[in-house]
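Working through the structure, step by step
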Amino acid sequence: MIGLLKSMAVTMKHALDGKKFTVKYPEEEPEVSPRFRGVHKYSQERCIWCRQCENVCPNDTIQIVMDDQRNGEQYNLHIGQCIYCRLCEEVCPTDAILLTQNFEFTADGKHEFAYNKEQLKNVPWYKEIDPLEAREPDRSAWVGEGDGEIDYQ
Ligand code: SF4
Ligand code: SF4
C-alpha cells in the first residue's frame, strides 16, 4: 500500500510540474534527439563506389551494381527494410551517405520503398530533406566540399 501511494505521488508530481514529453502529432512536430537515425540520403557526386556501405549493411538495404571496369552503374536503396543501424554512414569514407532526422514516410508495404538513384531524386519526402541541415557529418570527409552544391539525392 505504501508503495502504491509513493508511486502515485511520483506520478502526480510529474503530472503537475508542467513538463510534457508528448506532442499532438502531426499538428505539432516532435523534437527528435540529435542522435536520431532516420532515412538516409545519398550523394552520387561524393560516392566513389567503394561498396563499403553495401558490404557493411546487415540486411541488403543497399545494392550497388558495377560495370566490368568497376564503375558504379546503379545505387539501389530498399529503405523499407533498413533498420537504421547507421553502419553505412559510419563506413562511408566520403560522407556520401547521411542519416537524416526524417521519419515521416508511409506506404502500404515495404516493397514501395525500393528506389534506384534516379527514383530517389523524385521521392517528395526524400527530395525535400537537406541532409547537411538535418545533421552534420560527424567526421571529416576525405573529399573536400568542392565548388557548387552537393547533390544529395
Ligand atoms: S542504416 Fe544500417 S540497415 Fe540501413 S542501409 Fe545503412 S547499414 Fe543498411
Ligand atoms: S561507402 Fe560511400 S563512397 Fe562507398 S559506395 Fe557507399 S556511398 Fe559510395
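It should be noted that the structure appears before, not after, this text.
Description of the structure in this document. Note that the structure is predicted; figures quoted are calculated from it, not measured.

Attention now goes to the overall build of the protein. For the protein, the count of helices and strands is six helices and five strands. Ordering the α and β elements of the protein from the N terminus gives α-β-α-β-β-α-β-β-α-α-α. Residues classed as buried in the protein amount to 20% of the 153 residues present. Here the contacts in the protein between residues at least 6 apart in sequence split such that 73% fall between residues at least 24 apart.

Here we take up the site of ligand 1. In the vicinity of ligand 1 there are 13 residues, among which Cys 57, Thr 61, Cys 82, Cys 85 and Cys 88 approach most closely. Of the residues assigned to the shell around ligand 1, the class counts are 10 nonpolar, two polar and one charged.

The subject of this paragraph is the nonpolar core. By size, the foremost hydrophobic cluster in this structure holds 19 residues, and its most contacted members are Cys 53, Leu 77, Cys 88 and Ile 97. Elements with a minimum of two residues in this core: strand S3 (72–78) and strand S4 (97–99). Setting aside its immediate chain neighbours within four residues, Leu 77 contacts Tyr 42, Thr 61, Ile 62, Tyr 115 and Leu 120.

Here we come to the environment of Asn 76. One can find Asn 76 in strand S3. Every residue in contact with Asn 76, bar those within four places of it in the chain, is listed here: Gln 63 and Asn 116.

Looking at ligand 2, there are 13 residues lining it, with Cys 47, Cys 50, Cys 53, Cys 92 and Ala 96 nearest. Looking at the shell around ligand 2 residue by residue, the class counts come to 10 nonpolar, two polar and one charged.

On to the sheet that holds strand S2 (residues 62–66), then. Within a sheet, each strand pairs with its neighbour through backbone hydrogen bonds, oriented either parallel or antiparallel. Taken together, the three strands give an open sheet; going across it, the order is S2-S3-S5, and neighbouring strands pair in antiparallel fashion. Strands at the two margins of the open sheet, each flanked by one partner only, are S2 and strand S5 (114–116). When strand polarity is set aside, the average angle formed by the axes of neighbouring strands in this sheet is 15°.

Attention shifts here to the pairing of S2. Both S2 and S3 contribute to a ladder of five bridges, which runs antiparallel. The partner of Val 65 across the bridge, within S3, is Gln 74. Remark: five residues form the turn of the hairpin made by S2 and S3, two consecutive strands paired antiparallel; Arg 70 in that turn has positive phi of roughly 65°.

For the bond running from Tyr 25 to Pro 26, omega is 10°, close enough to zero to count as cis. Positionally, Pro 26 belongs in the loop between helix H1 (2–16) and strand S1 (40–42). In this structure, Trp 49 is a non-glycine residue whose phi angle is positive, near 55°. Tracing the backbone through its elements, the reader meets Trp 49 in the loop between S1 and helix H2 (52–56). Of note in the backbone geometry, Arg 51 takes a positive phi value of approximately 70° without being a glycine. With respect to the helices and strands, Arg 51 occurs in the loop between S1 and H2.

Analysis parameters
- Each residue is numbered by its place in its chain's sequence as written, counting from 1.
- Lettering of chains starts at A and numbering of ligands starts at 1, both following the order in which they are written.
- This being a predicted model, a pLDDT of at least 70 is required before a residue's local features are given, and a value of 80 or more before pairs of side-chain atoms are given or counted; all residues contribute to the totals for chains, interfaces and linings.
- The secondary structure listing takes helices from DSSP runs of H or I that are at least 4 residues long and strands from runs of E that are at least 2 residues long, numbered from the N terminus.
- We call a residue exposed when 12 or fewer other C-beta atoms sit within 10 Å of its C-beta, buried when the count reaches 20 or more, and partly exposed for counts in between; the C-beta positions come from the backbone.
- Any pair of residues counts as being in contact when their C-beta atoms, constructed from backbone geometry, are within 7 Å of one another.
- Whether a residue is near a molecule or strand depends on its C-beta atom, generated from backbone atoms, being within 6 Å of that molecule or strand.
- Note on residue categories: nonpolar means Ala, Val, Leu, Ile, Met, Phe, Trp, Tyr, Cys or Pro, charged means Asp, Glu, Lys or Arg, and polar means any other residue, Gly included.
- Remark: nonpolar core denotes a set of buried Ala, Val, Leu, Ile, Met, Phe, Trp, Tyr and Cys residues whose joining runs through C-beta atoms within 7 Å.
- The pairing criterion is simple: DSSP has to find at least two bridges between the two strands.
- What counts as an axis is a line fitted to C-alpha atoms, over the stretch in contact for a helix, and the angles between N-to-C directions run from 0 to 180 degrees.

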